[in-house]
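Observations on the three-dimensional arrangement
In case you want the letters, here they are:
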Amino acid sequence: MPATVKYLLDEEQIPRSWYNLQADLPEPLAPPLHPGTGEPIGPADLEPLFPMALIEQEVSVERYIDIPDPVRDIYRSWRPSPLYRARGLEAKLDTPARIYYKYEGVSPAGSHKVNTSVPQAFYSKEAGISRIATETGAGQWGSAMSYAAALFDLTVKVYMVKVSFNQKPYRRAMMETFGAECVASPSMDTEAGRAILAATPDTSGSLGIAISEAVEDAVHREDTKYALGSVLNHVLLHQTIIGQEAEVQMEMADDYPDIIVGCTGGGSNFAGIAFPFIGKQLRDGPQVEVIAVEPKACPTLTRGRYAYDFGDTAHLTPMVKMHTLGSSFVPLGFHAGGLRYHGMAPLVSHVQELGLLTPRAYHQLECFEAAVTFARAEGIVPAPEASHAIKGGIDEALRCKQDGRSRSILINLSGHGFFDMQAYTDYFGGKLQDGVYDDNELAMALSGLPSVNQA
Ligand SMILES: *Cc1c(COP(=O)(O)O)cnc(C)c1O
C-alpha cells in the first residue's frame, strides 16, 4: 500500500501578501458598468455595498497586497494547508503521472471560503460595520462567513438557495452555531424575494435570486454591508494564498506542476490555486496547462456567452463582462450546489479569452465516481464541487498513462464532503441523474442579456 506523502510548511511560511493577477495581465479587464445608466462605475458607486478597503482591492493593479497581521494570525489556525502527493491514487490508476492535491478542507468551515470571509469580516469591522448580509448556495460560504463574523463580533443574515436549504439542513445548523440567521431564498423578507415567490411559488431558488435579496438587504440598512463568497476580484485575490503556498510546497517536493486543475463555480478556488502560476508564466516563468472544470448542468465557461451581464436576478448589481448563461438562468438542482451560478468571475473569464486556461465540463455521476475512487485511495471524502476537479485530474493522469508520459498534476481539493453525505447516499442508491441542459432555455436566458452588449 503506497503511502500518501504530505508536504507541510511552517506557519512562518504563510505568505505575507496576496497576489494580484491584474498586475501581470497583457490586457486590462473590461470595467464594470452601472446597472441603471450603463456607464462605467467608480468606487463611490460600490460604497453602499462594500467597505472601501475591499473596493480598493477590487480595482487595484498592484502585484502584491499586504495581508493585515490580524488576518494572518487567524489564517494560522488552519494554514498553511497541506499539500499531498497522491501516491495511493497514482497506484490505483497505475499512472506514470505525479499527482498532488492541495487540501483546503482543513479550514474551520471545511472549504477554501474562509480564506476570504476572514479578511472581509476584518475590513467590515474596521469600517465600523456591525452587520453583514450575504447569500449562500450549498452553505459553504454561509458557514465560512458566519464563522468569520463570529470572530469579529458581527451579526450575519444568510439567504440560502432553497434547494440547498432543504438538501443540507446541517449546513444551516452550522451557520446558526456560529451565530448567523439563515433563511431559505427566495424569502418573504425582501422585495426581490416576494416578487419571485409571487411569480414562481415553487422555484428551487438560485444564487442569482439569493444575491438580489442580500444586496437589497444591505443597501437598505446603514449598519449593513454585503459580502460575496466568489466572483469578485478581491475574493479571487484573497484565495491566491492557496497557490502561493502550493508554489513553496511543490518546491519542497522538488517538482513543478505541468497541469493545474480546479473546479469552477464562481471561479475563486480555481483562481486561488492557478493565478500565482499563471502570473509566473506571464512573467516568463514555466508554462503550465490550466484546466477549469465545471458541471455540464451549469456550463458557464463551455457554453455561456462572454458578455456584460448582471450578477443577480433582480439586476441590482453592477454589470460585469463575464462568461454567462444569463441572469434569469435557474440551474437544475444537482448536488454540487456551490457550482450553480449563472456567471463566472470576470478575471477567470478574461483569462479564458486570453487563452490561458482550458475549460472542461463533466456530468455529476462521473464526478461522484471519481470522488469515490479518490476517497478509497486517499481517505478524504471530497465535496461534490471538488469532485469535478478530481475527475479532471484523474482524466489527465489516465491520459499520461496512455501517452506513457510522467507529468506532474496539481489538483485543488477545495473542501470536504462531510455535510454532503446525503448526496453520496443518493449516488450509491442510484437516485442521482445527469441533468440534460436544454438549448432552448439557454437561448431564452441569453436573450435577456442587457442591451449594453449591442452597443
Ligand atoms: C463554493 C465552493 C466551490 C465553488 O466556488 P468557487 O468560487 O468557484 O471556488 C468549490 N468547492 C467548494 C468546496 C466550495 O465550497
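Residues numbered from 1 in each chain as written. Predicted model: local features only at pLDDT ≥ 70, side-chain atom pairs only at ≥ 80, totals over all residues. Heavy atoms only, no water.

Of the regular secondary structure elements, the protein holds 18 helices and 15 strands. Taking 455 residues into account, the globule formula puts the C-alpha radius of gyration at 23 Å, and the protein, at 20 Å, falls close to it. Once the C-alpha set of the protein is aligned to its principal axes, its extents read approximately 55 × 50 × 50 Å. Sorting the 455 residues of the protein into buried and exposed places 62% on the buried side. In the protein, of all internal contacts separated by at least 6 residues, the share reaching a separation of at least 24 is 78%. (Helix = DSSP H or I, 4+ residues; strand = E, 2+ residues; numbered from the N terminus. Rg over C-alpha atoms; globule rule 2.2 N^0.38 Å. Buried < 20%, exposed > 50% of the residue type's maximum accessible area, 1.4 Å probe, protein only. Contact = heavy atoms within 4.5 Å.)

Right, let's get into the pairing of strand S8 (residues 181-185). S8 sits mainly inside the fold: 4 of its 5 residues count as buried. With 5 bridges connecting them, strand S7 (residues 155-161) and S8 associate as parallel partners. Paired with valine 161 across the strands is serine 185, a residue of S8. (Pairing = 2+ DSSP bridges.)

This part takes up the pattern of salt bridges. Where charged atoms from two side chains of opposite charge approach closely, those side chains can pair. Overall, the coordinates contain 23 salt bridges when judged by the stated rule. Note that arginine 63 and aspartate 24 form a salt bridge whose closest N and O atoms lie 2.5 Å from each other. On the criterion of sequence distance, the pair formed by arginine 63 in the loop between helix H2 (52-59) and strand S3 (64-66) and aspartate 24 in the loop between strand S2 (17-19) and helix H1 (43-46) is long-range, its members being 39 residues apart. The network of salt bridges with common partners includes Glu289, Arg360, Glu396, Arg399 and Arg407. (Salt bridge = Lys/Arg side-chain N within 4 Å of Asp/Glu carboxyl O.)

In this section: the pairing of strand S5 (residues 98-103). Of all 6 residues in S5, 5 are buried, a share of seventy percent or more. Across 3 bridges, strand S4 (residues 83-85) lies against S5 in antiparallel orientation. In the strand pairing of S5, leucine 83 is matched with lysine 102.

Between two packed helices, what matters for the description is the angle formed by their axes and the separation of those axes. Remark: helix H12 (residues 268-282) packs on helix H14 (residues 346-353), axes separated minimally by 11 Å, with the N-to-C direction vectors making an angle of 45 degrees. Considering the angle they form, H12 stands oblique to H14. Where H12 crosses over H14, the handedness of that crossing is left-handed. On H14, the residues that touch Phe270, Ala271, Phe275 and Ile278 of H12 are Leu347, Val348 and Val351. Of the residues contributing to the contact of H12 with H14, the split by class is 7 nonpolar, no polar and no charged. (Axes fitted to C-alpha atoms, helices over the stretch in contact; angles between N-to-C directions. Parallel < 35°, antiparallel > 145°, perpendicular 65-115°, else oblique. Left-handed = near helix turned anticlockwise from the far one by under 90°. Nonpolar A, V, L, I, M, F, W, Y, C, P; charged D, E, K, R; others polar.)

With that settled, consider the sheet that holds strand S10 (residues 259-263). Pairing within the open sheet is mixed, and its 7 strands lie in the order S1-S4-S5-S15-S10-S11-S14. Sheet topology places strand S1 (5-7) and strand S14 (358-362) at the edges, where each strand pairs with a single neighbour. Within this sheet the neighbouring strands show an average axis-to-axis angle of 25 degrees, counted without direction. Lying on the sheet, helix H11 (residues 233-252) is in contact with S1, S4, S5 and strand S15 (408-413); it crosses S5 at an angle near 140 degrees.

As a further point, take the site of the ligand. Looking at the ligand, there are 18 residues lining it, with Lys113, Ser230, Gly265, Ser268 and Asn269 nearest. Interatomic distance of 3.0 Å between a side-chain N/O atom of histidine 112 and an oxygen atom of the ligand. Calculation on the ligand without its partners gives an accessible area of 380 Å², and the protein chains cover 98% of this total. Classifying every residue of the shell around the ligand gives 3 nonpolar, 13 polar and 2 charged. (Near = heavy atom within 4 Å. Polar contact = N/O pair within 3.5 Å; in protein donor to acceptor, adjacent residues only side chain to side chain. Areas by Shrake-Rupley, 256 points an atom, 1.4 Å probe, with all protein chains shown as cover.)

Moving on: unusual backbone geometry. When glycine is set aside, most residues are seen to have a negative phi, and most peptide bonds are trans. The omega torsion of the bond from arginine 79 to proline 80 falls at -5 degrees, within 30 degrees of zero and hence cis. Locating proline 80 in the fold gives a position in the loop between helix H3 (69-75) and S4. In this structure, proline 186 follows serine 185 across a cis peptide bond, with omega equal to 5 degrees. With respect to the helices and strands, proline 186 occurs in the loop between S8 and helix H9 (191-199). Positive phi, normally seen in glycine, also occurs at aspartate 153, with a value near 60 degrees. By the secondary structure assignment, aspartate 153 is in the loop between helix H6 (140-151) and S7. The residue aspartate 284 is not glycine, and still its phi comes out positive at about 70 degrees.

Core analysis: the largest hydrophobic core is formed by 67 residues, its most contacted members being Trp18, Val118, Met145, Phe275, Ile278, Val348 and Leu410. With 7 residues, H12 is the single largest residue contributor to this core. Each residue touching leucine 410, except ones within four places of it in the same chain, is listed here: Leu83, Tyr100, Lys102, Ala246, Met250, Pro257, Ile259, Ile260, Val261, Ile273 and Phe277. Grouped together as the second largest cluster of nonpolar side chains are 42 residues, Ile99, Val293, Ile409 and Ala445 included. (Core = buried A, V, L, I, M, F, W, Y, C linked by side-chain atoms within 4.5 Å.)

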